[in-house]
Each structure stands twice: as structure tokens, then as C-alpha cells.
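What follows is each chain in one-letter form.
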Amino acid sequence: MFEGLAEKLQNTLKKLRGKGKVSEADVAEAMREVRMALLAADVSLKVVKDFVARVKERAVGQEVLESLTPGQQVVKVVYEELVALMGGTSSKLTLSPKPPTVVMLVGLQGAGKTTTVSKLGLFLRKQGRRPLLVACDVYRPAAVKQLQVLGNQLDLPVFSMGTGVSPVDIAKGAVEHAVAHGRDMVLLDTAGRLHINEELMEELKSIKSAVRPHEILLVVDAMTGQDAVNVAESFHGQLGLDGVILTKLDGDARGGAALSVKAVTGCPIKFAGMGEKPDALEQFHPDRMASRILGM
Amino acid sequence: TGRPKIDEELFEELEEALISADVGADTSLDLVERLRQTVKAQKIGDPARIKDLLQEEVARILGEQAQPVAFDHQPTVVLIVGVNGVGKTTTIAKLAHRWKQEGRKVLLAAGDTFRAAAIDQLEIWGQRVGVEVIRHQEGSDPSAVAFDAVQAAVSRGVDVLIIDTAGRLHNKSHLMNELSKINRVLDRALPGAPHETLLVLDATTGQNAVSQARLFSEAVGLTGLVLTKLDGTAKGGVILAIAAEMQAPVKFIGIGEKMDDLRDFDPPEFARALFG
Ligand SMILES: Nc1nc2c(ncn2[C@@H]2O[C@H](COP(=O)(O)OP(=O)(O)OP(=O)(O)O)[C@@H](O)[C@H]2O)c(=O)[nH]1
Ligand SMILES: Nc1nc2c(ncn2[C@@H]2O[C@H](COP(=O)(O)OP(=O)(O)OP(=O)(O)O)[C@@H](O)[C@H]2O)c(=O)[nH]1
Ligand SMILES: [K+]
Ligand SMILES: [Mg+2]
Ligand SMILES: [Mg+2]
């Protein structure tokens, strides 16, 4: 692993301070280190290449070349570009002018969807909303029960129709139920699935056309490696995502997946999961994420 | 690759293929550098041989063959550990199914007393597979479950006891201490237990898996790894970096969500798939 990109770059570029100016070869050397640091943080190779090209363009500019501290200057450029790429400041959920607002969580197996549905429920209730949690996972053993237990702990209503009904019908039933019972947010928990599983991806498309979610959010595990681009691209291509939720950021992963997912979908990362407890959900902060990816 | 000769571009392509398979930049660079030297030393000119050489090297690093679980204790106690959501509980169902089919008497222990409905999940699997599950209530002490399960396994003359644990992130010391305690309690209940401690890794995981392997190994000692979710598009190349650092071999892979979606780890096949 890299012990702080900043330090490494400082060392690389210090050598040239004596020479009085930074040459192209020096910049190339610095860019190699940026590349290694991003790869160590699990940013996807394809994204790293584009990113490094952009940073390089700025690094050969005057702000770096003429700086007394070119190492620091490169780090600053990298950091700024990372923040910019991950999208300004944190985003919010789009609410439907006509309630209920339907939010659908999708993603690979074990990413944290069910847990996040309950976290979102709590988060929204604190904002004065009346969320309904919906158990659309009819496949994983005890998935319905899991959501019911979580809803129970938080005193939030959970809509379920067992496991003998299609998720499309459950989603439709849930929206009707929300309308009838004055629930203004419908949070759909869907089963984990691989982006290459055509049948299950079709199912999500059917739910989408049946209940027209206002937000389709991809839940991504912060520990995800190079595969993050394949997953995000594929879910986005098939469903049209509105945002991303990054989970398990309470771990020690650098979380380069954040950059990969944002880069290939353009979708904002809206929330960060910071633990297993229901209150461990935060707004996503691109600046913090940039520091984390860089190990600063 | 249908190239006329071995050139720098070919080496770069290989390096990128390795990085894209989560082998990690450092390990990928090392591997390709060694390949360059081999090519030079052995005066290899045929580009068609390059991939084979690299695959052989990868398989060599991972250990030439799969290392099965030895059932030389009665009962053999298997502890399953790993971070959240990697596939521990499902893997237990798969192992139980396989070992039952081999004619062994299997018992499961619902050691995840923390996550919502984790016990129910294992119970449903137990029913499907047709094996019994020792359980306590949600929120109870997992060490106590482990202790009871060992006693039950001994008194029922079970061949293999598989213990589920709650997912936990390796950087959380209190949770890792809880795991060490389970380990100690098992040894007290049956000296020498657990006989196998398997760390479950999700193939979708990137370089963080190295940190997972390191810290779980420190906390409980590992006898092997299970690599799940290889039915997706992730390759799980990070196990190469792990293999360079520790002894624990990959024993099984998971290739789906059903109980028969478990395979022995096959290093040459894994090496081929890394570039596929
Ligand atoms: N440490 C930590 N664990 C989390 C976080 N979010 C979820 N988890 C844990 O990750 C595991 C999987 O979470 P689930 O909510 O069941 O994931 P899922 O995506 O619904 O899984 P499937 O339905 O099987 O696809 C559980 O052990 C959760 O407690 C988080 O932000 N931090
Ligand atoms: N595609 C695929 N999915 C898998 C595989 N193994 C497990 N899963 C799925 O991954 C999700 C999580 O599996 P679990 O067995 O609950 O994982 P866990 O490690 O016990 O999770 P926690 O107890 O919450 O930490 C479930 O949806 C499983 O069906 C696999 O090999 N391939
Ligand atoms: K995962
Ligand atoms: Mg779920
Ligand atoms: Mg489990």
C-alpha cells in the first residue's frame, strides 16, 4: 500500500527542486505515482487512466511548474480533481410533488440494501416523513423477516406479501397501501442480483415500469474492487439510476469504487453507510472521500 | 493474442489484465517483470507461450492443487468468519449440503446472534439441506452458542460442526475480540477446536481483502479461504496478493446462491479465468 501519496510525490518532485524547474519526465514520474495510489485505492483502471490524463494536463501547467513546492501542488490538483469528479457537495432525494415518493434500492448480493432501506426509513422519519418499508426480496432465505425485524426495531411499518407473490405485485400493492394509509415515502428493498443475470434484471425493469420510482439507487459496497465499473455501468444502462449509496465506509477500505461508480454513471453518491446500526447513515461528502482515497 | 512478436505492448496488456482482475498494481507489476526476465533468460520468442507462462506462475503461487478439509477429528469443528455480506451463511449451507452428501453427519450452529433474522436464515438453510441447527435467541452471547453446539455435536456423535458468525469489519477491535473469545471457548469445549477456520472473501472485493485476511488471521488464525461470488464478472485476483503473504490456501469457491453452487478451488482453472 502507499503511505500517503502526498509524501511520495513530495520526494519525487523534491529531487528536481535543485534543478530549478520541473521537466516533462518529472511530471511523468509523478503521474506514475498518482496512478499507483489510485489503483491501490481500487479505482478502476479505466477511470484511473482518464483521471491521470486530466491531472497531467493541469500538472504541466504553470501552477505546478512554477511552484516552489511542486509535490504539494500536484497533490492539490489531484485532490481538487477528485472532489470535482465525485460531484460538488452532497445531494438529496428528489421528492415527488404528489406523494408517495417511491425509492427503489438495487444492487449486488450482500451490498447492504436491506439494512440501508431501514436506515433510510429512520433518516426520513427524522425529517418528518412517513416512510413505508417494502419487502420485495422473495428469494433470499429470511429476507422478508430481516426487514420485518428491522422495521419492528425502529417502529416503522413494513409491507410484505410473503414470498409467493411476484416482486412486481408486491411493489404495486405497497404503493396502493401507502396511498390508502397516508405514507409519503415507499422504500423498496429488492433482492441482490448480478448485473449479468438477465432474468432478474428484467424483473427490476418490470418493477420500474409498474411503479415508476422517483429514485432508483444503486447500493455499492465500499470494498468493491475493479468490478465496480462493470456493475455500475450495467445497472445504469439497464435501469437508469438516479443515485448511489456507498456502504461499509466504517471499514478501512480506501473506497476507490466511489470514484469509479461516479465516473461511469455520472450519478451522484447520495448517502454513505457508516455501520450496521440503523442510525449509521450519513450524507456523502466528496471532499472527505477524496482525502480517504488519497490516504490523507 | 495473435501477435507476431513479444513486445512491450504485450507485457503492458498483460499487466492491465491483471490489474483489472484485482490482482493489485504492485503484484501485477512484479508478476509481469518476472515474466519479462523469464522470456529473456529462456530466449522465448513465441508470443503464444506468454499467457501460458503467466498462468502457470499464477497457479504455482496459489498452490498446485486444492487442499481439502481433513476430517481427522470427531467432531471436526469448522468456524466460518468474514466481513459483512460476503456469503458466510450461504457458504455454510453449501458446505453442509456437500458434506452431508458425502455421508457425514453435519450440525450447524447459529453463531450470528446479532444481524436481523440471521438465525432464521440459517434455520431455513438447515431445513433445506436437512441438517439440524443449534440456536439461541437473537442478541445472546455467540460464545455460548458455540459452546453448546460443541457439546451437542459430541453427544450426538456428529462428524462435522459448522459454526456461523456475524459479519464484522476487521478494523473493529471489539468485534474481533469477540471472535477471539469464540475461538477460545471452542478450544475449552473441545481441545484443539476449531480444526478449520475459514475466512470467506467476496470476489467482488478489491485490495481491502488483503487487510481482511491479515487481521482475521491475527485474531483467530486461518486454515483456509473461501472465495464467493465468482459467478459474476469479478475475478478475485486479490487472493494472489494474499497468497504471497500467508499460508492459508483457498479451499472452496462459491459460484451462485444455491446449495450446490460450491466447488473445490482449482488453481489452474482460476488462473485461466483471470484472463478470460
Ligand atoms: N459495517 C457495516 N456493515 C453494513 C453496512 N451496511 C450493511 N452492512 C452489513 O452488511 C451485511 C449485508 O447487509 P444486507 O442489508 O443484508 O445486504 P443486502 O444487500 O440486502 O443483501 P442481499 O439481500 O443478500 O443482497 C449485513 O451484515 C449488514 O449488517 C455498513 O454501512 N457498515
Ligand atoms: N451470486 C452469488 N451470490 C452469493 C454467493 N454466495 C452468497 N451469495 C449471496 O450473497 C448474499 C449474502 O450472503 P450471506 O450468506 O447472507 O452472507 P453473510 O456473509 O452471511 O452475511 P452477514 O451474515 O450479513 O455478514 C446473499 O444474497 C447470498 O445469496 C455466490 O457464490 N454467488
Ligand atoms: K459484498
Ligand atoms: Mg437484502
Ligand atoms: Mg450471515
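Everything numeric here is computed off the predicted structure, so don't read it as measured data. (Residues numbered from 1 in each chain as written. Chains lettered and ligands numbered in written order. Predicted model: local features only at pLDDT ≥ 70, side-chain atom pairs only at ≥ 80, totals over all residues. Heavy atoms only, no water.)

Novice: Whenever I open this one, the nonpolar core confuses me. Can you help?
Specialist: As a rule of thumb, soluble globular proteins bury nonpolar side chains together. Core analysis: the largest hydrophobic core is formed by 93 residues, its most contacted members being Trp99, Leu108, Leu161, Ile162, Leu186, Leu227 and Leu274 of chain B. Residue contributions to this core peak at six residues, all from helix 6 (residues 142–155) of chain B. In contact with Leu108 of chain B, not counting residues within four places along its chain, are Ile92, Ala96, Leu122, Gly126, Val131, Glu132, Val133, Ile134, Leu161 and Ile162 of chain B. With 76 residues, the next largest nonpolar core counts Val27, Leu85, Val134 and Ala258 of chain A among its residues. (Core = buried A, V, L, I, M, F, W, Y, C linked by side-chain atoms within 4.5 Å. Buried < 20%, exposed > 50% of the residue type's maximum accessible area, 1.4 Å probe, protein only. Helix = DSSP H or I, 4+ residues; strand = E, 2+ residues; numbered from the N terminus. Contact = heavy atoms within 4.5 Å.)

Novice: Is there a simple way to explain the interface of chain A and chain B in this structure?
Specialist: A common way to state how big an interface is: give the accessible area lost once the parts meet. Contact with chain A, which involves 37 residues of that partner, is made by 40 residues of chain B. Of the roughly 3,200 Å² buried where chain A meets chain B, counting both sides, 55% is carbon and sulfur surface. The largest share of the area that chain A buries against chain B comes from Pro141, Met223 and Glu276 of chain A, three residues that together contribute 19% of it. At the surface where chain A touches chain B, the tally comes to four salt bridges. When the shortest N-O distance is used, the salt bridge between Glu15 of chain B and Arg35 of chain A registers 3.5 Å. Element by element, the count of residues in the side of chain A that touches chain B is highest for helix 7 (residues 143–154) of chain A, at five residues. Of the residues that constitute the side of chain A that touches chain B, the class distribution is 15 nonpolar, 11 polar and 11 charged. (Buried area = accessible area lost by both parts, 1.4 Å probe. Salt bridge = Lys/Arg side-chain N within 4 Å of Asp/Glu carboxyl O. Nonpolar A, V, L, I, M, F, W, Y, C, P; charged D, E, K, R; others polar.)

Novice: Got a minute to help me understand the sheet that holds strand 4 (residues 160–163) of chain B in this structure?
Specialist: Two strands in a sheet stick together by hydrogen bonds in their backbones, pointing the same way (parallel) or opposite ways (antiparallel). Residue and element names in this part refer to chain B. Here eight strands make up an open sheet; going across it, the order is 3-2-4-1-5-6-7-8 and the pairing mixed. Each edge of the open sheet is held by one strand with a lone partner, namely strand 3 (132–134) and strand 8 (262–264). When the angles between neighbouring strand axes are averaged without regard to direction, this sheet yields 25°. (Pairing = 2+ DSSP bridges. Axes fitted to C-alpha atoms, helices over the stretch in contact; angles between N-to-C directions.)

Novice: What is the right way to read the pattern of salt bridges from this model?
Specialist: Here the idea is simple: oppositely charged side chains can pair when their charged atoms come close. All names here are of chain A. Taken as a whole and assessed by the stated rule, the structure comprises 31 salt bridges over all chains. The salt bridge involving Lys172 is made with Asp169; its shortest N-O contact spans 4.0 Å. Separated by three residues within a single helix, Lys172 and Asp169 lie in helix 8 (residues 167–180), roughly one turn from each other. The exposure class assigned to Asp169 is partly exposed, which follows from its relative accessible area of 37%.

Novice: Please explain the coordination of the potassium ion (ligand 3) as it appears in this structure.
Specialist: For a metal with four tetrahedral donors the ideal donor-metal-donor angle is 109.5 degrees, while six octahedral donors give ideal angles of 90 or 180 degrees. Donor atoms from the polypeptide that coordinate the potassium ion (ligand 3) comprise Asp221 of chain A (OD) and Asp202 of chain B (OD), at 2.8 to 2.9 Å from the metal. Within this pair, whereas Asp221 of chain A is found in strand 5 (residues 215–221), its partner Asp202 of chain B is found in strand 5 (residues 196–202), the two belonging to separate chains. Using a relative accessible area of 13% as the deciding quantity, one classes Asp221 of chain A as buried. (Donors = N, O, S within 2.8 Å, 3.2 Å for Na, K, Ca; no water.)

Novice: Is there a simple way to explain the site of ligand 2 in this structure?
Specialist: With respect to spatial proximity, 23 residues lie near ligand 2, and among them Lys88, Thr89, Thr90, Arg115 and Glu257 of chain B are the closest. Mapping the residues adjacent to ligand 2 onto the chains of the assembly identifies chains A and B. Separating an oxygen atom of ligand 2 from a side-chain N or O atom of Lys88 of chain B is a distance of 2.7 Å. Lys229 of chain B is positioned such that a nitrogen or oxygen atom in its backbone is 3.0 Å from an oxygen atom of ligand 2. In terms of residue class, the shell around ligand 2 is made up of four nonpolar, 11 polar and eight charged. (Near = heavy atom within 4 Å. Polar contact = N/O pair within 3.5 Å; in protein donor to acceptor, adjacent residues only side chain to side chain.)

Novice: Hey, could you run me through helix 3 (residues 48–61) of chain B in this one?
Specialist: Within an α-helix, residues lying three or four positions from one another point in the same direction, as the helix has 3.6 residues per turn. Residue and element names in this part refer to chain B. For helix 3, the set of buried residues is Ile50, Leu53, Leu54, Gln55, Glu57, Val58 and Ala59. Of the surrounding elements, those touching the buried residues of helix 3 are helix 1 (8–20), helix 2 (25–41), helix 9 (238–245) and helix 10 (267–274). The first or second residue beyond helix 3 is Gly63, which carries a positive phi of 90°.

Novice: Help me understand the site of ligand 1 in this model?
Specialist: Taken together, 23 residues form the shell around ligand 1, and within it Gly112, Lys113, Thr114, Thr115 and Arg140 of chain A come nearest. Taken together, the residues near ligand 1 originate from chains A and B. Taking Lys119 of chain A, its side chain carries an N or O atom lying 3.2 Å from an oxygen atom of ligand 1. For ligand 1, the protein covers 96% of the area, taking 650 Å² as the surface of the free molecule. Tallying contributions element by element places helix 6 (residues 113–126) of chain A first for the shell around ligand 1, with four residues. Here the residues of the shell around ligand 1 sort into four nonpolar, 11 polar and eight charged. (Areas by Shrake-Rupley, 256 points an atom, 1.4 Å probe, with all protein chains shown as cover.)

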